[in-house]
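So the chains spell out like this:
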Amino acid sequence: SPSDANETAPHLESLTLITSIGCGISMFFMSIALFMHFLLRKAKSNQATKILMNMFVSLCLLNAAFLSNESVANTQDNTACVFIALVLHYSMLASFTWFFIQALHMYLWLIRQNVTITNYVRKITVLGW
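Remember, predicted model here, so these are calculated numbers, not experimental data. (Residues numbered from 1 in each chain as written. Predicted model: local features only at pLDDT ≥ 70, side-chain atom pairs only at ≥ 80, totals over all residues. Heavy atoms only, no water.)

**Looking at the overall build of the protein**
Moving on, step 1. When its secondary structure is counted, the protein shows 4 helices and 0 strands.
Moving on, step 2. For the protein, whose C-alpha radius of gyration is 19 Å, the value lies well above the compact-globule estimate of 14 Å for 129 residues.
Moving on, step 3. Its C-alpha atoms give the protein principal-axis dimensions of about 60 × 35 × 30 Å.
Moving on, step 4. A buried classification covers 23% of the 129 residues belonging to the protein.
Moving on, step 5. For the protein, long-range pairs separated by at least 24 residues make up 71% of all intrachain contacts whose partners lie at least 6 apart in sequence.
Moving on, step 6. Summing over all exposed atoms, the protein offers an accessible surface of approximately 9400 Å²; the carbon and sulfur share of this is 69%. (Helix = DSSP H or I, 4+ residues; strand = E, 2+ residues; numbered from the N terminus. Rg over C-alpha atoms; globule rule 2.2 N^0.38 Å. Buried < 20%, exposed > 50% of the residue type's maximum accessible area, 1.4 Å probe, protein only. Contact = heavy atoms within 4.5 Å. Areas by Shrake-Rupley, 256 points an atom, 1.4 Å probe, with all protein chains shown as cover.)

**Notes on helix 4 (residues 120-128)**
Moving on, step 1. Turning to helix 4, its buried residues number three or more, namely Y120, I124 and G128. The arc that holds every buried residue of helix 4, seen down its axis, measures 60°, which confines them to one face. Opposite the buried face of helix 4, by more than 90 degrees, sit the exposed residues R122 and V126.
Moving on, step 2. Elements in contact with the buried residues of helix 4: helix 2 (47-74) and helix 3 (78-112). (Arc of directions from axis to C-beta.)

**Re the environment of F29**
Moving on, step 1. Within the secondary structure, F29 sits in helix 1 (residues 2-39).
Moving on, step 2. In sequence terms F29 and C60 are 31 residues apart; their C-alpha atoms lie 9.7 Å from each other.

**Overview of the packing of helix 3 against helix 4**
Moving on, step 1. It is the contact of helix 3 with helix 4, at a shortest axis distance of 9 Å, that shows an interaxial angle of 150°. With respect to helix 4, the element helix 3 is oriented roughly antiparallel. Each of A94, T97, W98, I101, H105 and L108 in helix 3 lies in contact with helix 4, whose residues at this interface are Y120, I124, T125, L127 and G128.
Moving on, step 2. When grouped by side-chain class, the residues that make up the contact of helix 3 with helix 4 number 7 nonpolar, 4 polar and no charged. (Axes fitted to C-alpha atoms, helices over the stretch in contact; angles between N-to-C directions. Parallel < 35°, antiparallel > 145°, perpendicular 65-115°, else oblique. Nonpolar A, V, L, I, M, F, W, Y, C, P; charged D, E, K, R; others polar.)

**Regarding the UniProt feature "transmembrane region" (unreviewed entry) in the protein**
Moving on, step 1. When the UniProt feature table is mapped to this numbering, "transmembrane region" (unreviewed entry) covers residues 15-39, 51-68 and 80-101.
Moving on, step 2. With 100% helix and 0% strand, the stretch residues 15-39 has end C-alpha atoms that lie 36 Å from each other.
Moving on, step 3. Secondary structure content for residues 80-101 is 100% helix and 0% strand, while the C-alpha to C-alpha distance between its ends is 31 Å. (UniProt positions renumbered as here; feature names shortened; annotations may be inferred.)

**A closer look at unusual backbone geometry**
Moving on, step 1. Despite not being glycine, Q76 shows a phi value in the positive range, around 65°.
Moving on, step 2. Mapping Q76 onto the fold places it in the loop between helix 2 and helix 3.
Moving on, step 3. At N119, a residue that is not glycine, the phi angle is positive and equals roughly 55°.
Moving on, step 4. Residue position: N119 is located in the loop between helix 3 and helix 4.

Structure follows, in C-alpha cells:
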C-alpha cells in the first residue's frame, strides 16, 4: 500500500548505507582471512580449512555482487543487469551449498568419526561450486 512505501522511504538511504557498510566490513575481514591462509600455506591445511576457505570465497563473491548491484543497475544496461543477477544468484546458491557442506563435514567428523570417502575434497568441491 502507498502508506507503507511512505513510511519506509525516509529510512531507505540509511538502511542502504548500513547494509553497504556491513557487507564491506564482512568482505574486508574475509579477504584478510583468505590472504592469511594463502600467506601461511606452508602449514598443512586440513579438509575443514579447505571447506572454510571455499565458503569464504563464495561469500566474498556474494558480497562483491551485492555491493556492485546498485551501480550496475544505474547503468541501465540490460545485459549488465542480467549478468549481475546471474552472479548474485549463483554466489548465493554456492554460499548455501558451502554452508551445507560445512555442516555435513562437521556431522561426519563429530558423529560418524571414522567415515572414509575416496577423493572427498574433490567431490565436495565439485558439489560446492
